[in-house]
Structure formats: structure tokens, C-alpha cells
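Summary of structural features
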Amino acid sequence: MLVGVAALAFWTGGRLGAGPVVAAAPAAPAPAVAAPVDRGFSGSGHVVARRAATIAAQATGMIQSIAVEEGQHVARGALIARLDDRAMVAGLARAQAAVVAGGAELQGLAARHRERALTEARFSALAARGFARGADLDQARADLQAITADIRRAEAQRAGAAADVRSAAVSLDRFSIRAPFAGVVTRLSAQPGEMISPVSAGGGFTRTGICTIVDMSSLEVEVDVAEAQIARVAAGQRARITLQAYPDRHYAGRIIAVVPVADRARASFRVRVGIDDPDARILPEMAARVFFQTKG
């Protein structure tokens, strides 16, 4: 009987009385907060040039010569082509001759003016002394006024001829077509002997452009970003660019702007991405992949 009570007291521990104290288990540490993970996304696009131009003529004429070839680098103001300018050269020479003739006429009128001025002064002196008739003095004065008016008319005509010279020079200069900025000729659209005009004419036989020049320093990437992702991009955001032609080469970039017009049919926005470290391998219209670096 006593043995059973002792065994029961030992087995129940503190339930029947004071017994051994059991230590509590240590609390589990709180889980660490995970750092933000780069959850960027990518989009496809193409390399485009922000500065490109089809070089045309401001006048209608036949192409006499072309001074560039495809792939050639040209400086600003470099000669691209020259049109047949023989008629314009003749027009400039005619205007210059009119200026010379106007100058010669003015010299003759100036001599006559001096003669009429002397005559008027002589009759004025004689009339003051009573040795000349009033009618003779009036006629001398009228002749002097007439020659003065002729000089003014001749001066105006010579000024008009000088303006014609400047106009003819400008028109002649339009027959020499020059590069508006430095760049690379990417396409040659005309050949010597063809007609060119600022507007389409001649039933399709008249060219409206000679060549296309691209400023390679203005290259960037245009990417279509879905509407669901557009809130995750903003101007100045970093990006990584990969060209399809060089999949192992990556270029650093940044978002220049998000064009604020959505494409309804494609449910996307056009995003302009600048290239921080461009090189000669990047060419217009190349396919590109852009990875936009975002946090979330």
C-alpha cells in the first residue's frame, strides 16, 4: 500500500506536491524579412534614329551629278548632288549685267546733273543782276529737277537689279544640294540624268528624294510595353539592351520617355530607351530586347 502511494507521487511530479521544475523550451527566432528582389520585365523593339532625313531638292531639275555613295559618312554642308544649273547661271549673269548697266546710267546722269546745276547757278546769278530773263531761270531750274528725278529713278532700278542678283544667287544655290547635318548615307534613291522635284510630278518618273542620311549619334530603342506593365516604367529608369544580332553583348540604357499615347489595337505604349554606351555595331532597324529593371 505505501509502495503504491510513493510510486504515484513520483510519477505525477508536481501534481501531488512539490516536485522537480521543468525548464521551458526557447522561443523560435522571428523569420528575417526578405530583401526586395529585382522583378524586372522585358520587351521587344527596334533601334531607330531620332535624326534622319530624306535629302531632296528645293527646285525642279535634272540631276547632273551625285557626290555620295551608300554607307558614306558626310559632314554637315557637304555636297550631296548637283542639278543642271545652266539656266540659273545665265539668269544670274543677266542680273549682274543689269547692275553694271544701272551703274553706268547713274554715272551719265551724274554728269548731266553737274552740268544742269552749273547752268541753274549761272542763270540765278545773271537774274540777280538783271541780265537774264525769268523764263530762262525757270527752265534751268526745271531741267535740274528733272535730272535729279532721273537719278533717283536710276538708283531705284539699280537697287532692284542688285536684289535680282541676290535672288538669282539663292536660286542657283538651290541647285547644289547639301547635307543638313553630319551622318551616314543609308540609301541612295536617284541617279544622274533623272529628274527631281520637291513635289511628286511627271506620272511617277520624277524623283522626290536623292538619298537618306542618318545621324548615328541619335540612335535609340523603341519598345512596346503592355498597358499592364506601363505603371512600372518611368523616365530615367535604368534598362539593359540586347541586340538580336549580338545576343552575348549587353548595353546599358535608360528610359528617355514614355510616349503618352496608347496603341488601342495592341494595348501597349511606346517607350523610348536611350543607349548609354553605343558602338558601331548598333545600326538602325535592328531588333532589340530591353530588360527594364524594377523593384518589387
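Here goes a summary of the coordinates provided. None of these values were measured; they are calculated from a predicted model.

On to the side chain of D84. With respect to the secondary-structure elements, D84 resides in the loop between strand 5 (79–83) and helix 2 (86–128). In terms of polar contacts, D84 uses its side chain to reach the side chain of R86, at 2.9 Å.

Attention shifts here to the packing of aromatic side chains. The final tally for this structure, using the stated rule, is one aromatic pair. The ring of Y251 is capped by R249, whose NZ or CZ atom sits 4.2 Å from the centre of that ring. The side chain of R281 reaches across the aromatic face of Y246, ending 5.5 Å from its centre.

Attention shifts here to the nonpolar core. Core analysis: the largest hydrophobic core is formed by 22 residues, its most contacted members being V221, I241, V273, V290 and F292. Those elements that provide at least two residues to this core are strand 1 (41–49), strand 10 (219–226), strand 11 (238–243), strand 12 (246–263), strand 13 (268–275) and strand 14 (287–292). If we ignore the near neighbours within four places in the chain, the residues touching V290 are F41, S42, G43, V221, V223, A239, R240, I241 and V273. In terms of nonpolar packing, the next biggest core, distinct from the first, is built from 21 residues, V74, L83, V185 and L188 among them.

With that settled, the discussion passes to unusual backbone geometry. Phi is positive for A267, which is not a glycine, with a value near 50°. The topology assignment puts A267 in the loop between strand 12 and strand 13. The phi torsion at E285 lies on the positive side, around 70°, for a residue other than glycine. Relative to the elements of secondary structure, E285 occurs in the loop between strand 13 and strand 14.

This next bit is on the sheet that holds strand 3 (residues 61–66). The pairing of strands in a sheet comes from backbone hydrogen bonds and takes either a parallel or an antiparallel form. Strands sit in the order 6-5-3-8 across an open sheet of four strands; the sheet is antiparallel. Sheet topology places strand 6 (176–178) and strand 8 (195–196) at the edges, where each strand pairs with a single neighbour. Across three bridges, strand 3 lies against strand 5 in antiparallel orientation. Bridge pairing in strand 5 links I63 to L83.

Moving on, we come to the pattern of salt bridges. Pairing is possible between side chains of opposite charge, provided their charged atoms come close. Within the structure shown, the criterion is met by 16 salt bridges. Where R141 meets E120, a salt bridge forms, and the shortest distance between an N and an O atom there is 3.2 Å. Here E120 lies in helix 2 and R141 lies in helix 3 (residues 134–173), a separation of 21 residues in the sequence. A salt bridge links E220 to R272; the shortest N-O distance between them is 2.7 Å.

Definitions and limits used
- Residues numbered from 1 in each chain as written.
- Predicted model: local features only at pLDDT ≥ 70, side-chain atom pairs only at ≥ 80, totals over all residues.
- Heavy atoms only, no water.
- Helix = DSSP H or I, 4+ residues; strand = E, 2+ residues; numbered from the N terminus.
- Polar contact = N/O pair within 3.5 Å; in protein donor to acceptor, adjacent residues only side chain to side chain.
- Phe/Tyr/Trp six-rings, centres within 6.5 Å; stacked < 30°, edge-to-face > 60°.
- Lys NZ or Arg CZ within 6 Å of the ring centre and 35° of its normal.
- Core = buried A, V, L, I, M, F, W, Y, C linked by side-chain atoms within 4.5 Å.
- Buried < 20%, exposed > 50% of the residue type's maximum accessible area, 1.4 Å probe, protein only.
- Contact = heavy atoms within 4.5 Å.
- Pairing = 2+ DSSP bridges.
- Salt bridge = Lys/Arg side-chain N within 4 Å of Asp/Glu carboxyl O.

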